[in-house]
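Here is what each chain is made of, one letter per residue.
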Protein chains: 2
Amino acid sequence: MNVAVMGYGTVGSGVVEIINRKDLGLTVKYILDLREFPGDENAAKFTKDFNDILNDETVKIVIETMGGQNPTFDFVSKCLQAKKHVVTSNKELVAEKGLELITLAKENNVNFMFEAAVGGGIPVIRPLTFCMRANNIRSVNGILNGTTNFILTKMIRENMSFEDALKIAQANGYAEKDPTADVEGHDACRKICILAALAFGNHVYPKDVHCEGITKITLEDVANVAGKGAAIKLIGTAEKLADGRLYIIVSPAVVKAESQLSAVSDVFNAVEVDGDATDQVLFYGKGAGKLPTASAVVADALDCAEHDAVRRPIFWGPEKPDLIADYREVENEYYVRGASLDASLISETLGNDAFITKPITENNLRAKLSGEPKSLIRVAKC
Amino acid sequence: MNVAVMGYGTVGSGVVEIINRKDLGLTVKYILDLREFPGDENAAKFTKDFNDILNDETVKIVIETMGGQNPTFDFVSKCLQAKKHVVTSNKELVAEKGLELITLAKENNVNFMFEAAVGGGIPVIRPLTFCMRANNIRSVNGILNGTTNFILTKMIRENMSFEDALKIAQANGYAEKDPTADVEGHDACRKICILAALAFGNHVYPKDVHCEGITKITLEDVANVAGKGAAIKLIGTAEKLADGRLYIIVSPAVVKAESQLSAVSDVFNAVEVDGDATDQVLFYGKGAGKLPTASAVVADALDCAEHDAVRRPIFWGPEKPDLIADYREVENEYYVRGASLDASLISETLGNDAFITKPITENNLRAKLSGEPKSLIRVAKC
């Protein structure tokens, strides 16, 4: 079956490499990219004109690895309307425009698939959507960004400051020159939005999710929790509350020693899904990188090829007003440093002017603290 | 869509419970069991006659949770020939008769699915078969049996003998009165055979796999490796060797501290799949239990309902002569206690008369040891 690949960057070139080297029944007919790639072995397949792909009826599957929303959303929409299946690794596109695109796909009886958008090469979306669908999902917690996890691992293991660890991540190619999307949590936020939509059935937009990065984490805090075997990680959480609302947040969190997520180090990612039948299930591996991500894209393309006539039932509804609870009004345990609290509200004293609270809302906690704390970090429930 | 459930034991009753309580578009029309269940709320659905199910054309999906091969193989074969999809949680049936049954399913253009046969509620088979299929799989390593992992965890953490830990496992319902299938590794062996067939494409029969249980593990060995942060686990391994043959074995193995499998404790299971695109990916969760296993069965049934017309391409070929290498002729690091070896072949001395070898075949190692060792345990490569 003929496919077209839009975007010949890291992931796109990996997709072409895997399709060329493995006999999977797929043939790359076009590669869309405005850049020049002199001497590339796929030279004959390059085009700068999207219409070459759109108007070629032999192209049944379009793989989008361009990134961003513009012109990607327009291109993907047109492909779906032309009854071509679309596979993407573009988490921004899915987090912001997923509802429109899965709706378009449904209307045109084609598939829109995005396994690679969360967790790179780690199977997460298909297991959550298909293997676990006899469950009511209670929560999803994940280490969803390899760059920040690499930085935090350096801070934890080598007692290195955030700034120094970031420099090493950049030198190793794990962090971009402008690391904002990673270190401020925006990348992880897109991913938890996608997981929340799949797990709970309504589109959740990144703008509605409280998102806090790792730039303010101090070595004092890292050391204070390490004494208990715990670790500070950037955790994306989406949890169904008893009242039906959603607690969804991306922020640093104290992960206790007994959690599987506490052992997830370096650039690795992991997603823990808690279902009412399975209890906690964890998916772990490399969350980014050329071939891991490309392999997930190619698996989606093969799924599309096998489901040319039957649609895969990946779907969720529009955003729901008042679905998202104010994160400051949801009870959690908190790690606090540099302020004091009535002993009856403390569950554990860590020394060094730090303690863990009993479950309390952030608003309540702040009202009861002796002053502005130096650090206030939620304790993850995973 | 109407389904029939054959076998109303732990898993079968869990399947009925999930289908009844969730609106999934499935209806249980028959429950086949020779036993009586007085007062059961599903009384009207019970039958003792398999032909009620076989001859009812409105039953499109048959769920087999009886266990064993007889009369299960006969019943499942007849259902497939009658063009009914079959879902099973029966690892013995799949490991021994999987080739015949997937072939029958293919000939009759129906699906034969068995996600629950490995890892209970943990998604493993679908991720391996579909999400990772753009990979060439290099190896699969897994903690595939919760009972033995519970016993080993007790031995490691509480310095308890195998016999005492087994008694606690039995008292907690984690081990059967006759624990042979678990503690001798037969259960794990069936699972690694299924994973090997899916990963490498040929049926592997349990009788051809070297299988060694945990009854001979001593507290001395547990303590010796614990000093290095390592743990002794019952590991199922299937690895593609450079010459194309398969190294497949179930045995106790030393799992190094840096392996994700070393942190898998109690009744939890985990499967690590190493693919040439993704590198190592891990799936973790509860490998057994009523609702976890039942939820995987129900997910398969839903997949069958959606693929009533299109077949899911789960398939492997017949066993291949000479595919399986003699495990004693494959190089590994080994843990040895109670015999001495030329220092040039030792990679690490552990004290207490124990050491880790450099990579060497077991046959070579035994020839070079000063005598019969008290313990000889492979070091896992995961």
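Calculation notes
Residues numbered from 1 in each chain as written. Chains lettered and ligands numbered in written order. Predicted model: local features only at pLDDT ≥ 70, side-chain atom pairs only at ≥ 80, totals over all residues. Helix = DSSP H or I, 4+ residues; strand = E, 2+ residues; numbered from the N terminus. Rg over C-alpha atoms; globule rule 2.2 N^0.38 Å. Contact = placed C-beta atoms within 7 Å. Least-squares fit on C-alpha atoms with pLDDT ≥ 70 in both. Nonpolar A, V, L, I, M, F, W, Y, C, P; charged D, E, K, R; others polar. Expected span 1.5 Å × (residues − 1). Domains from an automatic or database assignment. Axes fitted to C-alpha atoms, helices over the stretch in contact; angles between N-to-C directions. Parallel < 35°, antiparallel > 145°, perpendicular 65-115°, else oblique. Left-handed = near helix turned anticlockwise from the far one by under 90°. Buried ≥ 20, exposed ≤ 12 C-beta atoms within 10 Å, placed from the backbone. Pairing = 2+ DSSP bridges.

Participant: For the overall build of chain A, give the residues involved together with the corresponding values.
Facilitator: Of regular secondary structure, chain A possesses 12 helices and 16 strands. For chain A, whose C-alpha radius of gyration is 22 Å, the value lies close to the compact-globule estimate of 21 Å for 382 residues. Based on the C-alpha atoms only, the size of chain A along its principal axes is roughly 70 × 45 × 30 Å. In chain A, the proportion of contacts linking residues at least 24 apart, taken out of those at least 6 apart, comes to 73%.

Participant: I'd like a rundown of the relation of the copies chain B and chain A, residues and numbers included.
Facilitator: Expressed as a screw operation, the relation of chain B to chain A combines 0.0 Å of axial shift with a rotation of 180°, fitting to an RMSD of 0.0 Å. Considering both components of the superposition, the chain copies are consistent with a two-fold axis. Looking at the rotation axis and the C-alpha trace of chain B, the residue lying nearest is Phe283 of chain B, at 2.5 Å. Counting the interface residues of chain B, we find that 100% of their copies in chain A are interface residues as well, pointing to one common contact surface.

Participant: If you had to explain the environment of Tyr327 of chain A to someone new, which residues and values would you point to?
Facilitator: All names here are of chain A. On the secondary structure map, Tyr327 appears in the loop between helix H11 (290-306) and strand E13 (334-337). In the structure, Tyr327 is positioned 55 residues away from Cys382 in sequence and 17 Å away in space, judged by C-alpha atoms. For Tyr327, the contacting residues outside a window of four places in its chain are His210, Tyr247 and Ile249.

Participant: Give a detailed account of the environment of Gly173 of chain B, specifying residues and quantitative values.
Facilitator: As for its placement among the helices and strands, Gly173 of chain B is situated in the loop between helix H7 (162-171) and helix H8 (180-183). Put simply, Gly173 of chain B and Thr147 of chain B are 26 residues apart on the chain and 9.3 Å apart in space, counted from C-alpha to C-alpha.

Participant: Explain the interface of chain B and chain A to me, and be specific about the residues and the numbers.
Facilitator: With 42 residues of chain B at the contact, the number on the chain A side is 42 residues. Elements with a minimum of two residues in the side of chain B that touches chain A: helix H5 (125-131), strand E12 (279-286) and helix H11 (290-306) of chain B. The greatest single-element share of the side of chain B that touches chain A, amounting to 10 residues, is contributed by H11 of chain B. Split into classes, the residues belonging to the side of chain B that touches chain A amount to 25 nonpolar, 9 polar and 8 charged.

Participant: How would you explain helix H6 (residues 146-158) of chain B if you had to name every residue and give the values?
Facilitator: Look at H6 of chain B: 18 Å from first C-alpha to last across 13 residues, which is about the 18 Å you get at 1.5 Å a residue. Asn159 of chain B sits one or two positions beyond H6 of chain B and adopts a positive phi of about 55°.

Participant: So what's going on with the domain arrangement of chain A? Residues and values would help.
Facilitator: Residue and element names in this part refer to chain A. Domains assigned within chain A are domain 1 (2-120 + 289-306) and domain 2 (129-286). The straight-line distance from the C-alpha centre of domain 1 to that of domain 2 is 27 Å. Contacts between the two partners involve 13 residues from domain 1 and, on the opposite side, 13 residues from domain 2. The greatest single-element share of the side of domain 1 that touches domain 2, amounting to 7 residues, is contributed by helix H4 (residues 91-107). Residue composition of the side of domain 1 that touches domain 2, grouped by class: 6 nonpolar, 4 polar and 3 charged.

Participant: Before we move on, could you go through the packing of helix H4 (residues 91-107) of chain B against helix H9 (residues 186-200) of chain B and cite the residues and values that matter?
Facilitator: Residues and elements named next belong to chain B. As a packed pair, H4 and H9 sit with axes 9 Å apart at the nearest point and diverge in direction by 50°. The orientation of H4 with respect to H9, classified from their angle, is oblique. Where H4 crosses over H9, the two elements pack in a sense that is left-handed. Between H4, through Lys91, Glu92, Val94, Ala95 and Gly98, and H9, the contact on the second element is made entirely by Arg190, Lys191, Cys193, Ile194 and Ala197. Within the contact of H4 with H9, the residues separate by chemical class into 5 nonpolar, 1 polar and 4 charged.

Participant: Quick one: what's the story with the pairing of strand E7 (residues 137-143) of chain B, residue by residue and with numbers?
Facilitator: Residue and element names in this part refer to chain B. Of all the 7 residues making up E7, 6 are buried; the element is thus mostly covered by neighbouring parts of the structure. Relative to strand E11 (residues 268-275), E7 runs antiparallel, the two sharing 6 bridges. Paired with Asn141 across the strands is Glu272, a residue of E11. Summarising the sheet, E7 and strand E9 (residues 231-240) pair through 4 bridges and their orientation is antiparallel.

Participant: Explain the sheet that holds strand E1 (residues 2-6) of chain B to me, and be specific about the residues and the numbers.
Facilitator: Residues and elements named next belong to chain B. Taken together, the 6 strands give an open sheet; going across it, the order is E3-E2-E1-E4-E5-E6, and neighbouring strands pair in parallel fashion. Strands with a single pairing partner mark the edges of an open sheet, and in this sheet they are strand E3 (46-47) and strand E6 (112-113). As paired elements, strand E4 (residues 59-64) and strand E5 (residues 85-88) share 4 bridges and run parallel to each other. Counted as the bridge partner of Ile61 is His85 from E5.

Participant: I'd like to hear about the sheet that holds strand E1 (residues 2-6) of chain A, residue by residue, with values.
Facilitator: In spatial order, the strands read E3-E2-E1-E4-E5-E6 (chain A); together these 6 strands make up an open sheet with parallel pairing. Of all the strands in the sheet, the pair left with one neighbour each is strand E3 (46-47) and strand E6 (112-113) of chain A.

Participant: Talk me through the environment of Phe130 of chain A; I want residue IDs and the actual numbers.
Facilitator: Counting through the fold element by element, Phe130 of chain A comes out in helix H5 (residues 125-131). Placed 183 residues apart in sequence, Phe130 of chain A and Pro313 of chain A show a C-alpha to C-alpha distance of 8.9 Å. With near-sequence residues (within four places) excluded, Phe130 of chain A lies in contact with Arg126, Ala299 and Asp303 of chain B.

Participant: Lay out the packing of H6 of chain B against H7 of chain B with the relevant residues and their values.
Facilitator: Residue and element names in this part refer to chain B. Between H6 and H7, whose axes approach to 9 Å, the crossing angle comes to 125°. The orientation of H6 with respect to H7, classified from their angle, is oblique. Considering how the two elements wind past one another, H6 and H7 form a crossing that is right-handed. Packed against H6, whose contacting residues are Thr147, Phe150, Ile151, Lys154 and Met155, the element H7 presents Phe162, Ala165, Leu166, Ile168 and Ala169 at the interface. Counted by class, the contact of H6 with H7 contains 8 nonpolar, 1 polar and 1 charged residues.

Participant: Account for unusual backbone geometry, naming residues and giving values.
Facilitator: Glycine aside, a negative phi is what most residues show, and trans is what most peptide bonds show. A cis amide bond links Asn70 of chain A with the next residue in sequence, Pro71 of chain A, at an omega value of 10°. Its identity is not glycine, yet Asp279 of chain A carries a phi of approximately 60°, on the positive side. Position of Asp279 of chain A relative to the elements: it lies in strand E12 (residues 279-286). Judged by the 17 C-beta atoms lying within 10 Å of it, Asp279 of chain A is partly exposed. In this structure, Asn109 of chain B is a non-glycine residue whose phi angle is positive, near 55°. Turning to its location among the elements, Asn109 of chain B is positioned in the loop between H4 and E6. The exposed category is assigned to Asn109 of chain B, around which 12 C-beta atoms lie within 10 Å.

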